Number of protein chains: 2
Amino acid sequence: MDAKVKSAEVNDGVLFLGIDGGGSKCRARLVSAGGDYLGSGLAGPANPVNGIEAAQESIIRAALLALQEAGYDDGAIDTVVAGVALAGVNIPLLWRAINDWAHPFRRMFLTTDLHAACLGAHRGGDGAVIVVGTGSCGYASVGSRSATLGAHGFQLGDKGGGAWIGLQAVQAALLADDALGGETALLDAIQAFYHCRVPELIERLGGARSCEFARLAPLVFDLAARGDAVADTILRDGAAYIDALALKLLDLKPPRLSMIGGVAASLLPRLRADIAAQICTPLEPPEAGSIHFARSEYARVTAAGDGKVLRA
Amino acid sequence: MDAKVKSAEVNDGVLFLGIDGGGSKCRARLVSAGGDYLGSGLAGPANPVNGIEAAQESIIRAALLALQEAGYDDGAIDTVVAGVALAGVNIPLLWRAINDWAHPFRRMFLTTDLHAACLGAHRGGDGAVIVVGTGSCGYASVGSRSATLGAHGFQLGDKGGGAWIGLQAVQAALLADDALGGETALLDAIQAFYHCRVPELIERLGGARSCEFARLAPLVFDLAARGDAVADTILRDGAAYIDALALKLLDLKPPRLSMIGGVAASLLPRLRADIAAQICTPLEPPEAGSIHFARSEYARVTAAGDGKVLRA
C-alpha cells in the first residue's frame, strides 16, 4: 500500500504509539485511531539514567520501525500521538529532560514505565503491578489514589530484583572465600561463570552495572533449588520484601494485581501462598498500557480545547 | 644548608621514603639511611582504582614535598629508595600498572596499604591490623604466614566501614519512607543532611561513590547513641563482622592486633569486650611501615647482588 495514501486515510490523521523503554530495550506499538494494531518496533536501551540522548534515539528508532512495519514512511511520525513510558523518569531531573525534549511526534505524553505496565496489565483499568526484573518496584492506581513503592535503583534498593539477587550472591561468595560467611556453592559457581578466581572477580565485578549482576540471578535460583542454604536465604529475603510490597499494594484494594519482569516467574513460587494466589496474568504488555495512557491524555487535552495539540 | 652538599653527605647516597596512598590522600615520610626523620609530604588521592596517572602524580608530589621539607632539591629523588604502599593494588591489573611504572626513584618497592599499615602499627614486627575507614579489611603477618581478609571494595563488601554504614542507612531510610522497613530517624536526618526529600535524594545518591556514603556514618553513630533501633542494628551488624574478622586474624596468633581508620574509634566500643581488650594502639603510622618494607626489600636485593638496583 502506498504510504501517502495510507497516511491520508487515517481518522483525523492521528496514529497512537505506545513506548515502553527500560535499561536494556525499547518497545513501540502502533495502533490506529480506531484501535487496530498496525505494527511494532524494538530498539536499544532507553533508560535516561544511562544517557538522555541515547534514550531519545531509541524511542525514535522504535517508533520509526513500528511505522515502517505498518507501511508508513518516516514523515508520518508527525501524525503520531505518543505515550512514552520510561524507567528512570521518577527522578525529577530526568523527567524534565525527556518532557522538554523537542520530539518529532504530533504530541507526546510522558509517564513512568510502572504506570504503563499497570495500565497494560489491567487493559487500561484500575489495578496494581509488581515489577521484578533487573530492579524491583510496585505501583497501584485505584480510583483517584495511586502509590509507587521501591524504584530506588540498584545501589539504594531494588530488593528482590535480579541485580540485587546477583549482588547478594557475589557478596556471600566473597564472605565465604574469607571463611567469614556460610559455605556456599555460589563461590565456585560464580568463579566458573566468569572463568576466574576471587582477586580477578573483584576486578571484574567491582563497580559493575546492575545488568551484569542480574546475569547471575538464574544461578542463584538454580543453587537454591539444589539445596544451597546461602542461595536459599538470599531468595527468601528477596521474596519476603516482595511479599511486604504486595501487601502494601493490596491495602489499596486494587481489583487486580499482576507481577511482571524477568524474575517474576521464578520468584512467584517463593511468595506467601495467600499472596501468590491473588496474582493475575497481565492482560496486555506495557507498551499497550502506554497507548491507553496516550489516548486518555489526548482526549483530556482535546476536550479541554488545548491549542497546543499541534506542535507546529 | 646547600642541597647539593647535603645530598653528598648521605650514606651511600641513599634516602628512604615511605608512601601511604589511599582514596583521599597520599602521605610521604623521608628518613636518612641511618633512620633519622628528615621530612614529610602530603598530596591528593593515590588509589589507582580512581586513576593510575593521578595516583602516580600524587606519589611524586608527596615525595618532592618531603624532599623539600628536608632541604633537598627535586633532583635528589633519584637517590630515594621508596616503599610505596597503595590501596587498590590487591587488584592484579592495578598492581602491574604501578609496578611497571617508569618512576623517578632509585628503586621502588610496591606493597598494599594494608601491609604497610601492619608494619607501621607494630614497628616493622609481626602483628595484625584491621582497617575500618571508608572501607574495611584485615591483614596479619606472623612469621612466614600472612592473611588478607575483606578489601573487596565498596560495592562488593567493605562491611563495617564508613561507606557501608552510610549506604545501609540510606537503604533503611528509603524502606522506612515506603513503610516497608522499621521507622527510623535516619529518614529525616539524611533528608536534612542533603536539604532535599526522597525523590531528589535518590537522584543525589544513586551511583554515588563510597566517600559520599561515608560522610553519613557519623550521623548513624549519633542516632544509634540516641536510641534509634534501625541505626543501632546497622552498627551491630557491622561490628559483628569486624568481630568475626578479628577472630580470624587472632587465629594466626599475632603478637599484637591494632585497629585503624576513620571509623575505628567509634566502632571499638561496639566490639565484643574480649576482642576489644586485645586491640593495641598502633606504634607508627602506615608511611613509616612503608619505610620498614623498603629497608628490608632493599637489603634483600642488595645482599642478593641484584644488578638492577640502579635504574640508570
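Residues numbered from 1 in each chain as written. Chains lettered and ligands numbered in written order. Predicted model: local features only at pLDDT ≥ 70, side-chain atom pairs only at ≥ 80, totals over all residues.

Q: Lay out the overall build of chain A in plain terms, naming residues and giving numbers.
A: Per the secondary structure count, chain A includes 13 helices and nine strands. Taken over C-alpha atoms, the radius of gyration comes to 21 Å for chain A, in line with the 20 Å a tight globule of 312 residues would show. For chain A, the C-alpha atoms occupy an extent of roughly 70 × 40 × 35 Å along the three principal directions. By the burial criterion, 51% of the 312 residues in chain A qualify as buried. By sequence separation, contacts in chain A at least 24 residues apart represent 66% of the contacts at least 6 residues apart. (Helix = DSSP H or I, 4+ residues; strand = E, 2+ residues; numbered from the N terminus. Rg over C-alpha atoms; globule rule 2.2 N^0.38 Å. Buried ≥ 20, exposed ≤ 12 C-beta atoms within 10 Å, placed from the backbone. Contact = placed C-beta atoms within 7 Å.)

Q: How would you explain the sheet that holds strand 1 (residues 15-21) of chain A if you had to name every residue and give the values?
A: Residue and element names in this part refer to chain A. With respect to topology, five strands assemble into an open sheet ordered 3-2-1-4-5, the strand pairing being mixed. In this open sheet, the two edge strands, each paired with only one partner strand, are strand 3 (37-43) and strand 5 (107-112). Taking each pair of neighbouring strands and ignoring which way they run, the sheet shows an average axis angle of 15 degrees. As paired elements, strand 1 and strand 2 (residues 26-32) share seven bridges and run antiparallel to each other. When the sheet's bridge partners are listed, Gly18 is paired in strand 2 with Arg29. Against the sheet, helix 2 (residues 52-69) makes contact with strand 1, strand 2, strand 3 and strand 4 (80-86), and its axis sits at roughly 145 degrees relative to strand 3, the strand it touches most. (Pairing = 2+ DSSP bridges. Axes fitted to C-alpha atoms, helices over the stretch in contact; angles between N-to-C directions.)

Q: Hey, could you go over the sheet that holds strand 8 (residues 145-150) of chain B for me, with residue numbers and the actual values?
A: Residues and elements named next belong to chain B. Read from one edge of the open sheet, four strands run 8-7-6-9, paired in mixed fashion. Each edge of the open sheet is held by one strand with a lone partner, namely strand 8 and strand 9 (257-260). Averaged over all pairs of adjacent strands, the angle between their axes in this sheet comes to 10 degrees, without regard to strand direction. Of the strand pairs in this sheet, strand 7 (residues 136-142) and strand 8 are connected by six bridges, and their pairing is antiparallel. The partner of Ser141 across the bridge, within strand 8, is Ser146. The sheet contacts of helix 4 (residues 113-121) involve strand 6 (127-132), strand 7, strand 8 and strand 9, and relative to strand 6 the element is tilted by about 120 degrees.

Q: Which residues make up helix 9 (residues 217-225) of chain A, and what are the values?
A: Residues separated by three or four positions in an α-helix point in the same direction, a consequence of the helix having 3.6 residues per turn. Residues and elements named next belong to chain A. Of the positions making up helix 9, those classed as buried are Ala217, Val220, Leu223 and Ala224. Projection of helix 9 onto a plane perpendicular to its axis shows the buried side chains occupying an angular sector of 125 degrees, all on one side. Those residues of helix 9 hidden inside the fold are in contact with helix 5 (162-177), helix 6 (186-193), helix 8 (210-214) and helix 10 (229-250). Backbone geometry just after helix 9 places Gly227 at a positive phi near 95 degrees. (Arc of directions from axis to C-beta.)

Q: Go over the relation of the copies chain B and chain A with me, naming the residues and quoting the values.
A: In screw terms, the move from chain B to chain A is a rotation of 180 degrees and a rise of 0.1 Å along the axis, fitting with an RMSD of 0.1 Å. The operation mapping one copy onto its partner corresponds to a two-fold rotation axis. Across chain B, the smallest distance between a C-alpha and the rotation axis is recorded for Gln155 of chain B, namely 4.1 Å. (Least-squares fit on C-alpha atoms with pLDDT ≥ 70 in both.)

Q: Please provide a residue-by-residue account of the pairing of strand 5 of chain A, values included.
A: Residue and element names in this part refer to chain A. With five of its six residues buried, strand 5 lies for the most part within the structure. Note that strand 4 and strand 5 share six bridges and pair parallel. Its bridge partner lying in strand 5, Leu86 is registered against Thr112.

Q: With reference to specific residues and values, describe the environment of Leu205 of chain A.
A: Residue position: Leu205 of chain A is located in helix 7 (residues 198-205). Between the alpha carbons of Leu205 of chain A and Arg215 of chain A there is a distance of 12 Å; along the sequence they are 10 residues apart. Once you skip the residues sitting within four places of it in the chain, Leu205 of chain A turns out to touch Val170 and Glu212 of chain A together with Leu156 of chain B.

Q: I'd like a description of the pairing of strand 2 of chain A, backed by residues and values.
A: Every regular strand shows the same layout, with side chains that alternate between the two sheet faces. All names here are of chain A. Within strand 2, six of the seven residues are buried, which leaves it mostly tucked inside the rest of the structure. Strand direction decides the pairing type here: strand 2 and strand 3, joined by six bridges, are antiparallel. Its bridge partner being in strand 3, Arg27 is matched across the sheet by Leu42. Counted between consecutive antiparallel strands, the loop separating strand 2 from strand 3 contains four residues, among which Gly35 sits at a positive phi close to 100 degrees.

Q: Give a detailed account of the domain arrangement of chain A, specifying residues and quantitative values.
A: Residue and element names in this part refer to chain A. One can read the domain layout of chain A as domain 1 (3-123 + 284-303) and domain 2 (162-276). For domain 1 and domain 2, the distance between their C-alpha centres works out to 33 Å. In this assembly, five residues from domain 1 lie in contact with four residues from domain 2. Of the residues belonging to the side of domain 1 that touches domain 2, the class tally is two nonpolar, three polar and no charged. (Domains from an automatic or database assignment. Nonpolar A, V, L, I, M, F, W, Y, C, P; charged D, E, K, R; others polar.)

Q: Give me the interface of chain B and chain A: which residues, what numbers.
A: Residue-level contacts link 27 residues of chain B with 27 residues of chain A. Those elements that provide at least two residues to the side of chain B that touches chain A are helix 3 (92-99), strand 8, helix 5 (162-177), helix 7 (198-205) and helix 10 (229-250) of chain B. Top contributing element to the side of chain B that touches chain A by residue count: helix 7 of chain B, with five residues. Here the residues of the side of chain B that touches chain A are counted per class, giving 14 nonpolar, nine polar and four charged.

Q: Could you give an account of the environment of Arg226 of chain A, naming the residues involved and the relevant values?
A: Tracing the sequence through the fold places Arg226 of chain A in the loop between helix 9 and helix 10. Each C-alpha atom of the pair Arg226 of chain A and Ala185 of chain A lies 9.9 Å from the other, and the pair is 41 residues apart in sequence.

Q: So, the nonpolar core: which residues are in play, and what are the values?
A: Ala63 and Ala169 of chain A together with Ala63 and Ala169 of chain B are the most contacted members of the largest nonpolar core, which totals 198 residues. Excluding residues that lie within four positions of it along the chain, Ala63 of chain B makes contacts with Leu17, Ala28, Gly41, Ile77, Val80 and Ala82 of chain B. (Core = buried A, V, L, I, M, F, W, Y, C linked by C-beta atoms within 7 Å.)

Q: Which residues make up unusual backbone geometry, and what values do they have?
A: It is generally the case that most residues other than glycine have a negative phi and that most peptide bonds are trans. For Ala151 of chain A, which is not a glycine, the phi torsion comes out positive at approximately 60 degrees. Examined against the element boundaries, Ala151 of chain A turns out to sit in the loop between strand 8 (145-150) and helix 5.

Q: So what about the confidence of the model for chain A? Which residues, and what values?
A: All names here are of chain A. Here chain A shows a mean pLDDT of 91. Residues at 70 or above account for 94%. Under a pLDDT of 50 for its full length, residues 1-11 has, in the predicted model, 17 contacts with residues more than four places off or in other chains. pLDDT under 50 marks residues 307-312. Its contacts with residues more than four places away, or in other chains, come to five contacts. The ipTM assigned to the predicted complex is 0.80, against a pTM of 0.84. (pLDDT = per-residue confidence, 0-100.)

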